[in-house]
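Take a look at the letters that make up each chain.
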Amino acid sequence: MKTPAAFINRSPDNRIFTAFDPQTITRLRETLDLPDQVILSSELEQYRERLAKTEYLFSTWGMPALDEATIREYLPALKAVFYAAGSVQEFARPYLNCGVKVFSAWAANAVPVAEFTVAEIVLSGKGYFLGMRRQQTGGREAFLRLSESLPCNYQVKVGLLGAGMIGSMVAERLRQYDFEVLVYDPFASDEKLEKLGAKRAELDEIFSECQIISNHIANLPATQRMLSYRQFSKMKPNGIFINTGRGAQVVEEDLIRALRDCPDRTALLDVTWPEPPEADSPLLRMENVILTPHIAGSMNQEIARMGRYMADEYEAFAEGKDCKYQVTLKMLETMA
């Protein structure tokens, strides 16, 4: 007899079957009784009998944040949650407190973010983003004047804020280039940074010395609004700040002020706070701010990578093998 399992989400408008594509579902059904029906958090009573036997839950963005009492009442047999997405901060603690294992595809979601970030680092090193804006109004010469002021992509310092999964992937990919990588991360060990080919640095050092700075700090209450004018004012006159992390870590009025101080500075923002920016936000009108609509993470076919990672984790867990992406309460203190 196959082990009872279920798909679960908050909304009928979900991406369950994008994350868990037909190939991945076929794999899971080799050992699981896993119906196509996605159980919504509003339908727990309707599916009480089935949920009482369910040992594994599979979800993606929209995973219900159930409280401990609800988990114990409706999911007494639950052993593990396999979350085909990134951060589990919004829902994981009650499950963990109930003795339920939680697994996250944060490593899979980190891949496109790292790819996107490295592409932005290399292109911005040539002045591509701000240069294209200036070329539209001032022609080719305006682009060249900006690019000629830049050191470009040889023997320059790149600063990474955070050496978690995404920051580490970025650092690993940057080893293919002739960059000197500085990392701010109080929680990263010296051994880890050595393996990444990176040098430990403080925030002020990174902002004052690095040509390009990329934010990958975990989104926690303690990190909100931690990047202020103190840091942004230290940026090189033609420096670049990239944010594919979270907008809440930036004091946006301070970033705006620093960009106005030196119009050759550039901010590449895939995230803002609030998101999207308010209609009257200067970010929407500044030449040296390039906004993208939160596209660095998994999109379209990339989402299926996260489901495959969770199928791998389920199989390892079910067979008693070591798992790569289990989340613990201790990890939640510092991870995104």
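Residues numbered from 1 in each chain as written. Predicted model: local features only at pLDDT ≥ 70, side-chain atom pairs only at ≥ 80, totals over all residues. Heavy atoms only, no water.

Peer 1: What am I meant to see in the overall build of the protein chain here?
Peer 2: Along the protein chain, the regular secondary structure elements total 14 helices and 14 strands. For 336 residues, the compact-globule formula gives about 20 Å, and the C-alpha radius of gyration of the protein chain, at 22 Å, lands near that figure. Seen along its three principal axes, the alpha-carbon backbone of the protein chain occupies a region of about 70 × 45 × 35 Å. Burial status across the protein chain gives 53% buried among its 336 residues. Across the protein chain, the fraction of contacts at a sequence separation of at least 24, relative to all contacts at a separation of at least 6, is 69%. When the accessible area of the protein chain is evaluated, it comes to approximately 15900 Å², of which 49% is carbon and sulfur surface. In the protein chain, 38 positive and 45 negative side-chain charges are present, and the distance between their average locations comes to 2 Å. (Helix = DSSP H or I, 4+ residues; strand = E, 2+ residues; numbered from the N terminus. Rg over C-alpha atoms; globule rule 2.2 N^0.38 Å. Buried < 20%, exposed > 50% of the residue type's maximum accessible area, 1.4 Å probe, protein only. Contact = heavy atoms within 4.5 Å. Areas by Shrake-Rupley, 256 points an atom, 1.4 Å probe, with all protein chains shown as cover. Lys, Arg positive; Asp, Glu negative; His and termini not counted. Charge placed at Lys NZ, Arg CZ, Asp CG, Glu CD.)

Peer 1: What's the story with the sheet that holds strand 9 (residues 198-200) in this structure? I'm lost.
Peer 2: Whenever strands of a sheet pair, they do so through backbone hydrogen bonds, lying parallel or antiparallel. Read from one edge of the open sheet, seven strands run 9-8-7-10-11-12-13, paired in parallel fashion. Where the open sheet ends on each side, the last strands, each with one partner, are strand 9 and strand 13 (289-291). For this sheet the average axis-to-axis angle between neighbouring strands, irrespective of direction, equals 20°. Pairing between strand 12 (residues 266-269) and strand 13: three bridges, direction parallel. The partner of A267 across the bridge, within strand 13, is V289. (Pairing = 2+ DSSP bridges. Axes fitted to C-alpha atoms, helices over the stretch in contact; angles between N-to-C directions.)

Peer 1: Explanation requested: helix 7 (residues 128-138) in the structure shown.
Peer 2: Within helix 7, burial applies to F129, L130, G131 and R134. Among the residues trailing helix 7, G139 stands out with phi positive, at a value near 80°.

Peer 1: Quick question: what am I supposed to make of helix 13 (residues 252-261) here?
Peer 2: Residues lying three or four places apart along an α-helix face the same way, a consequence of the helix completing one turn every 3.6 residues. Listing the buried residues of helix 13 in full gives E252, D254, L255, I256, A258 and L259. Next to the buried residues of helix 13 lie helix 12 (229-232), strand 11 (240-243), strand 12 and strand 13.

Peer 1: Would you take a moment to explain the pattern of salt bridges for this structure?
Peer 2: Side chains that carry opposite charge are capable of pairing whenever their charged atoms lie near each other. Applying the stated criterion across every chain yields a total of 17 salt bridges. For E205, the salt bridge is made with K199, and the minimal N-O distance between the two is 3.6 Å. Relative accessible area serves as the criterion here: at 23%, E205 is assigned to the partly exposed category. For E333, the salt bridge identified is with K330, shortest N-O distance 3.3 Å. Overall, K330 belongs to the exposed group, its relative accessible area being 60%. Within the structure, one salt-bridge network assembled from shared partners comprises R27, R308, D312 and E315. (Salt bridge = Lys/Arg side-chain N within 4 Å of Asp/Glu carboxyl O.)

Peer 1: Quick question: what am I supposed to make of unusual backbone geometry here?
Peer 2: For the bond from W273 to P274, the omega torsion is 0°, close enough to zero to count as cis. In this structure, P276 follows E275 across a cis peptide bond, with omega equal to -5°. Relative to the helices and strands, P276 resides in the loop between strand 12 and strand 13. Of note in this structure, Q155 is not a glycine but carries a positive phi near 55°. By the element assignment, Q155 lies in strand 7 (residues 154-161). On the basis of relative accessible area, Q155 is assigned to the exposed category, the value being 62%. If you check the backbone angles, R225 has positive phi at about 60° while not being a glycine.

Peer 1: Could you clarify how one ought to interpret the nonpolar core in this entry?
Peer 2: The tendency in soluble globular proteins is for nonpolar side chains to be buried as a group. By size, the foremost hydrophobic cluster in this structure holds 55 residues, and its most contacted members are F20, L57, F58, F91, Y95 and M310. Ranked by residues supplied to this core, first place goes to helix 14 (residues 303-318) with six residues. Formed by 26 residues, the second largest nonpolar core is a distinct cluster that contains V156, V183, I212 and I242. (Core = buried A, V, L, I, M, F, W, Y, C linked by side-chain atoms within 4.5 Å.)

Peer 1: Where do I start with the packing of helix 6 (residues 106-125) against helix 14 in this structure?
Peer 2: A pair of packed helices is characterised by two quantities: the angle between their axes and the separation of those axes. In the contact formed by helix 6 and helix 14, the axes pass within 8 Å of each other and the chain directions differ by 155°. Taken together, the axis directions place helix 6 and helix 14 in an arrangement best described as roughly antiparallel. You can see that helix 6 and helix 14 cross each other, and the crossing is right-handed. Listed contacts from helix 14 to A107, A108, N109, V111 and P112 of helix 6 are R305, M306 and Y309. Broken down by class, the residue content of the contact of helix 6 with helix 14 amounts to six nonpolar, one polar and one charged. (Parallel < 35°, antiparallel > 145°, perpendicular 65-115°, else oblique. Left-handed = near helix turned anticlockwise from the far one by under 90°. Nonpolar A, V, L, I, M, F, W, Y, C, P; charged D, E, K, R; others polar.)

Peer 1: Would you explain the packing of aromatic side chains in this entry?
Peer 2: Within a pair of aromatic rings, the relevant descriptors are the distance that separates the centres and the angle that separates the planes. Taken as a whole and assessed by the stated rule, the structure comprises 22 aromatic pairs. Measuring from ring centre to ring centre gives 5.8 Å for F20 and F58, while their planes differ by 85°; the resulting arrangement is edge-to-face. Taken together, the positions of F20 in the loop between helix 1 (16-19) and helix 2 (22-28) and F58 in strand 4 (residues 56-59) put the pair 38 residues apart, joining distant regions of the chain. Like F20, the residue F58 is buried in the burial classification. Across the ring face of Y229, the terminal group of R257 is positioned such that the distance to the ring centre comes to 3.6 Å. (Phe/Tyr/Trp six-rings, centres within 6.5 Å; stacked < 30°, edge-to-face > 60°. Lys NZ or Arg CZ within 6 Å of the ring centre and 35° of its normal.)

Peer 1: For this particular structure, what's the right way to read the side chain of E313?
Peer 2: As for its placement among the helices and strands, E313 is situated in helix 14. Here E313 occupies a buried position and makes no salt bridge, while the nearest side chain of opposite charge, K324, is found at 6.7 Å. Looking at E313, its side chain comes within polar contact range of the main-chain nitrogen of Y325, at 2.8 Å. Not counting residues up to four positions away in its chain, the partners in contact with E313 are F82, F103, C323, K324, Y325 and Q326. (Polar contact = N/O pair within 3.5 Å; in protein donor to acceptor, adjacent residues only side chain to side chain.)

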